Number of protein chains: 2
Amino acid sequence: MATIGQIAAELGISKSTVSRALRGLPGVSQDLIDEVKAVAERMGYVPSAAAAGLTTGRNYAVGVVVPALTRWFYSEVVSGVDRALAAAGYDVVLYDMDRNHDVGTRAFARSLLRKRVDALIVVATVFTEHELAEFDALEMPVIAVGPSAPQFRTIGVDDHAIMAAAMEHMLGLGHRQLGYVGGYDEESLSLASAADREHTFMKTALAAGALVQPEWMLAGGYKQGAAMRATRELFSRDSWPTGLVCASDEMAMGAICAIHAAGKRVPEDVSVIGIDGHEYGADYELTTMAQNPQAQGEWAARQVVAEIEGATPVQEFEPAPFTLIQRGSTAAPGR
Amino acid sequence: MATIGQIAAELGISKSTVSRALRGLPGVSQDLIDEVKAVAERMGYVPSAAAAGLTTGRNYAVGVVVPALTRWFYSEVVSGVDRALAAAGYDVVLYDMDRNHDVGTRAFARSLLRKRVDALIVVATVFTEHELAEFDALEMPVIAVGPSAPQFRTIGVDDHAIMAAAMEHMLGLGHRQLGYVGGYDEESLSLASAADREHTFMKTALAAGALVQPEWMLAGGYKQGAAMRATRELFSRDSWPTGLVCASDEMAMGAICAIHAAGKRVPEDVSVIGIDGHEYGADYELTTMAQNPQAQGEWAARQVVAEIEGATPVQEFEPAPFTLIQRGSTAAPGR
DNA sequence: GAGCCTAACGCAACCGTTTGCGTTGGTCGA
DNA sequence: TCGACCAACGCAAACGGTTGCGTTAGGCTC
């Protein structure tokens, strides 16, 4: 509860000296520094970010905009952002859009319009022209995580490439009858990722001469439960693919559950591959093309801090790495 | 980028009048109000929360401390907190402990020590005596979500009661051979919830004369994958229970998957009940004792805002409601 | 028409820190 | 011995709002 002024009065010195001593700036003798710090500790001094920010113009806080915090990918990204930002001494101010697609009324109506943050990290969000103009007006660094956003520096996986790699694995194993579990997550604010993955699946499958029935294209909404339902229905019919390519690990695990429920075996009867690198995948013996959302969040956080501290922003797409984790859910087709 | 002073200069009036006009305070004619607002809009005025907070002492922000943002329960709570806080005009400053059990070095080293937030919401976290003393020193409202914390106003489900209710359902169906999927989540900062649920399971089962083999007590770590593994192992043996009580829905869904993989049927061969009310439960036909973490978060947020705005804090436990959602995963035992 | 009231606005101090610049006293080199 | 120089510290003006109080002018009452 004590202020710098009170510490100064207590010691009979000036506020400026206290301020410098506390921050380790030159111009204060070591003896005085020790003394000031001791008194500050004793008086329970707590610096005011508001007051400091007033003069310096820096808040040591960055805003994080996320479509729906409860979804796996987004929470992983935020977790990574938080970790890296904490290490750099910054706070994270959270904006969960939470099914509210109107970015403008949410994010802007709140602390963006109150100069509370030094920068912004937006996760998998698309913006209108108007909103982009507002961003410009705010004149703060903006970094995007997810599908490439041409307006900002973006980090994310190349959805075409990661799907192509997954297909390469399946086709390499000999699968030529492929199903797809994908669809669109209505809570996401960007459909680009889902569209790209589905597109590349189709293109790659057809190029390899694989058989893809229209009824093998399943809409799982990027959710485990929905994927399980859809897959269960697929295997209640009289024809099914030898391999199932899932646009996310959550859906893949749902699919595996449905396949078991249908009395079939993985991978003997049907192979399953996912995309994401979900924590639970190991227990499900799930083969997957793993990306690392936390690392992407950390990268974005470091980048944003660098820009705040003067680095010149580069406006290009930073492709996040992905790697095949081969486990027990994929094998050569049995028949 | 404009300030109040610049607006005042532009109009040839005083800063105080601009301030009052912008906030709709009395003492300004309607004509002037309109004029000020128009000029503010035109000049792209953005209020500074730091400057306002300096004089008022209010930040319109509350800190949220969470053990691990990526876990279902916590992300749901935070989502609810964010929604309610946004509605009240407050920002949320996030502190993800993220496997870092040392609350002191994380939360306190950051903006708590910089007076950035008006209050604190702590989710399922235990504190040391020292940390509690620090909280007291900060003199700000603190609300807890999760297991009852005697030091704070707490909202959460009564873990004994919710497990007892789940057991009542299973015992009522006639199950007398019960397995348990629980264990401890090593990422949680509080073991009380898991311990209470397991304790009540045991007590209730024994009181009803149910058979519980030691090897039917499964350690799922509150995670879906681990629960699946443990359950798979259980059903690879030669004796198994007729009903499986799971301490969380995630584990229950993992268990269902394992049961299917073992070639058994739900609920014909084994009934499964979960606790939580997870979104995916419906697709899994999962019977569950549903709680509502988002609603708990919202309640905590509203409570904290009330206390910030002067309400006298009441230091008692607020039991969160729960309700049985009966679906297809439970039935009377077949044999 | 004098006195009073009130709406509408200005003045200036204040919130807690930071920072450029001015002021000391002492050390050092020539 | 005398500037020169520097380390160590103080002064005071910002930063951008908020707020208590003072002032003014017009309208009202009796």
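Residues numbered from 1 in each chain as written. Chains lettered and ligands numbered in written order. Predicted model: local features only at pLDDT ≥ 70, side-chain atom pairs only at ≥ 80, totals over all residues. Heavy atoms only, no water.

Caption draft 1: Molecular detail of the domain arrangement of chain A. Residue and element names in this part refer to chain A. Domain annotation for chain A reports domain 1 (4–47), domain 2 (59–156 + 294–319) and domain 3 (159–291). Computed from C-alpha coordinates alone, the two centres of domain 2 and domain 3 are separated by 30 Å. Facing 14 residues of domain 2, the contacting portion of domain 3 comprises 16 residues. Contact between domain 2 and domain 3 buries roughly 1300 Å² in total, counting both sides, with carbon and sulfur atoms accounting for 54%. Between the two partners, domain 2 and domain 3, sit one salt bridge. Between aspartate 185 and arginine 71 there is a salt bridge, with its nearest N and O atoms 3.3 Å apart. For the pair domain 2 and domain 3, the number of links is three residue pairs in polar contact (both at pLDDT 80 or more). (Domains from an automatic or database assignment. Contact = heavy atoms within 4.5 Å. Buried area = accessible area lost by both parts, 1.4 Å probe. Salt bridge = Lys/Arg side-chain N within 4 Å of Asp/Glu carboxyl O. Polar contact = N/O pair within 3.5 Å; in protein donor to acceptor, adjacent residues only side chain to side chain.)

Caption draft 2: Looking closely at the sheet that holds strand S4 (residues 142–145) of chain B. Pairing within the open sheet is mixed, and its twelve strands lie in the order S11(A)-S5(A)-S4(A)-S3(A)-S1(A)-S2(A)-S2(B)-S1(B)-S3(B)-S4(B)-S5(B)-S11(B). Only two strands of the sheet have a single partner each, and these edge strands are strand S11 (317–319) of chain A together with strand S11 (317–319) of chain B. Averaged over all neighbouring strand pairs, the angle between strand axes comes to 25°, with direction disregarded. As defined by bridge partners, strand S2 (residues 91–96) of chain A adjoins strand S2 (residues 91–96) of chain B across three bridges and the pair is classed as antiparallel. For valine 92 of chain A, the partnering residue across the bridge sits in S2 of chain B and is leucine 94 of chain B. (Pairing = 2+ DSSP bridges. Helix = DSSP H or I, 4+ residues; strand = E, 2+ residues; numbered from the N terminus. Axes fitted to C-alpha atoms, helices over the stretch in contact; angles between N-to-C directions.)

Caption draft 3: Fine view of the environment of glycine 146 of chain B. Residue and element names in this part refer to chain B. Tracing the backbone shows glycine 146 in the loop between S4 and strand S5 (153–156). For glycine 146, a relative accessible area of 8% gives the class buried. Considered as a pair, glycine 146 and valine 270 are 124 residues apart in the sequence and their alpha carbons are 31 Å apart. Those residues in contact with glycine 146 that sit more than four places away from it in its chain are Thr154, Ile155, Gly156 and Phe317. (Buried < 20%, exposed > 50% of the residue type's maximum accessible area, 1.4 Å probe, protein only.)

Caption draft 4: Representation of the pattern of salt bridges. Per the stated rule, a full pass over the model turns up 19 salt bridges over all chains. Residue arginine 58 of chain B pairs with glutamate 309 of chain B through a salt bridge whose shortest N-O separation is 3.8 Å. Taken as a pair, arginine 58 of chain B in the loop between helix H4 (49–56) and strand S1 (61–66) and glutamate 309 of chain B in the loop between helix H12 (293–308) and S11 lie far apart in primary sequence, 251 residues in all. The salt bridge partner of lysine 223 of chain B is aspartate 185 of chain B, with a shortest N-O separation of 3.8 Å. Highlighted residues: lysine 223 of chain B in the loop between strand S7 (217–219) and helix H10 (224–234) and aspartate 185 of chain B in the loop between strand S6 (178–182) and helix H9 (192–207), separated in sequence by 38 residues. With respect to burial, lysine 223 of chain B and aspartate 185 of chain B carry one shared label: buried. Here the salt bridges share partners, and the residues they tie into one network are Arg71, Asp185 and Lys223 of chain A.

Caption draft 5: Inspection of the protein's contact with DNA strand D at higher detail. Neighbouring DNA strand D are 28 residues; Thr17, Ser29 and Thr55 of chain A together with Ile4 and Ser19 of chain B lie closest to it. Within 4 Å of the protein, atoms of DNA strand D come from sugar and phosphate in 59% of cases. At 2.5 Å, a side-chain N or O of serine 19 of chain B approaches a phosphate oxygen of DNA strand D. A distance of 3.2 Å separates a base oxygen of DNA strand D from a polar atom in the side chain of arginine 20 of chain B. Elements with a minimum of two residues in the surface near DNA strand D: helix H2 (15–23) and helix H4 (49–56) of chain A together with helix H2 (15–23) and H4 of chain B. (Near = heavy atom within 4 Å.)

Caption draft 6: Representation of the pairing of S5 of chain B in the model. All names here are of chain B. Of the two faces of S5, the one holding Arg153 and Ile155 and the one holding Thr154 and Gly156 are both buried throughout. Two elements, S4 and S5, share three bridges in a ladder whose sense is parallel. When the bridges of S5 are listed, isoleucine 143 appears paired with arginine 153. Both S5 and S11 contribute to a ladder of three bridges, which runs parallel. What sits directly across from threonine 154, in S11, is phenylalanine 317.

Caption draft 7: The arrangement of the packing of aromatic side chains in detail. All names here are of chain A. The tally for this structure, following the rule as stated, stands at ten aromatic pairs over all chains. Here the aromatic residues Trp72, Phe73 and Tyr74 are joined through ring pairs into a cluster of three or more. The ring of tryptophan 240 has lysine 264 sitting right over it, with the charged end atom 4.3 Å from the ring centre. (Phe/Tyr/Trp six-rings, centres within 6.5 Å; stacked < 30°, edge-to-face > 60°. Lys NZ or Arg CZ within 6 Å of the ring centre and 35° of its normal.)

Caption draft 8: Representation of the interface of chain A and chain B. Counting from both sides, the interface comprises 59 residues of chain A and, opposite them, 59 residues of chain B. Taken together, both faces of the contact between chain A and chain B bury some 5300 Å²; the carbon and sulfur share is 51%. The tally of links between chain A and chain B comes to four salt bridges. Its salt-bridge partner being aspartate 283 of chain A, residue arginine 229 of chain B comes within 3.4 Å of it at the nearest N-O pair. Where chain A meets chain B, there are 18 residue pairs in polar contact (both at pLDDT 80 or more). Only H4, helix H5 (72–87), S2, helix H10 (224–234) and helix H11 (249–261) of chain A provide two or more residues apiece to the side of chain A that touches chain B. Top contributing element to the side of chain A that touches chain B by residue count: H5 of chain A, with seven residues. A class-by-class count of the residues in the side of chain A that touches chain B yields 26 nonpolar, twelve polar and 21 charged. (Nonpolar A, V, L, I, M, F, W, Y, C, P; charged D, E, K, R; others polar.)

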